[in-house]
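Examination of the molecular architecture
Residue-level listing of the chains:
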Amino acid sequence: MVPAQVPSYWMVYFSVGDVDGSFRKAIEAGAQEMVAPVDYPGGRFAILSDPQGAMFGLLKSLRP
């Protein structure tokens with residue numbers, strides 16, 4: 001899904017109890033939406049970037 005010209009990179013994910021609520025708080029604090037909250041087979045996640053451009057994810061896993 002990632003274009004070939006995009007270099008390899010690391011991205012931190014923060015485990016949260018409420019992806020949607022945490023996403024809204026991050027946006028209100030100045031983050032930019034990269035991927036809106038979405039379900040996937042293992043739970044729910046979103047990706048944002050902070051005001052300096054560093055990307056991070058929010059994750060709620062269905063697994064304990």
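Here is a short report on the structure shown in this document. (Residues numbered from 1 in each chain as written. Predicted model: local features only at pLDDT ≥ 70, side-chain atom pairs only at ≥ 80, totals over all residues. Heavy atoms only, no water.)

1. Remarks on the pattern of salt bridges
Side chains carrying opposite charge are able to pair once their charged atoms draw close together. The full count for this structure, using the stated rule, is two salt bridges. Among the salt bridges present, the one from Arg44 reaches Asp20, with a minimum N-O distance of 2.8 Å. Of this pair, Arg44 sits in strand β3 (residues 43–49) while Asp20 sits in helix α1 (residues 19–28), placing them 24 residues apart in sequence. Given a relative accessible area of 23%, Arg44 falls into the partly exposed group. Of the residues examined, Asp20 reaches a relative accessible area of 27% and is grouped as partly exposed. With its nearest N and O atoms 2.9 Å apart, the salt bridge here joins Asp39 to Arg44. (Salt bridge = Lys/Arg side-chain N within 4 Å of Asp/Glu carboxyl O. Helix = DSSP H or I, 4+ residues; strand = E, 2+ residues; numbered from the N terminus. Buried < 20%, exposed > 50% of the residue type's maximum accessible area, 1.4 Å probe, protein only.)

2. Some remarks on a nonpolar patch on the surface
A cluster of nonpolar residues, Val2, Val6, Tyr9, Met34, Val35, Val38 and Met55, forms a patch on the protein surface that exposes about 570 Å² of accessible area. Of all the elements, strand β2 (residues 32–40) adds the most residues to the nonpolar patch, at three residues. As for its placement among the helices and strands, Met55 is situated in strand β4 (residues 55–61). (Patch = residues over 30% accessible without salt bridge, like charges linked within 9 Å, V, L, I, M, F, W, Y side chains within 5 Å. Areas by Shrake-Rupley, 256 points an atom, 1.4 Å probe, with all protein chains shown as cover.)

3. Examining α1
By the burial criterion, the buried members of α1 are Val19, Gly21, Phe23 and Ala26. Taken together, the buried residues of α1 touch β2, β3 and β4. One side-chain oxygen at the N-terminal end of α1 lies 3.3 Å from the backbone nitrogen of Asp20; it belongs to Asp18. Of the residues flanking the end of α1, it is Gly30, one or two places downstream, whose phi is positive at about 115 degrees. (Contact = heavy atoms within 4.5 Å. Polar contact = N/O pair within 3.5 Å; in protein donor to acceptor, adjacent residues only side chain to side chain.)

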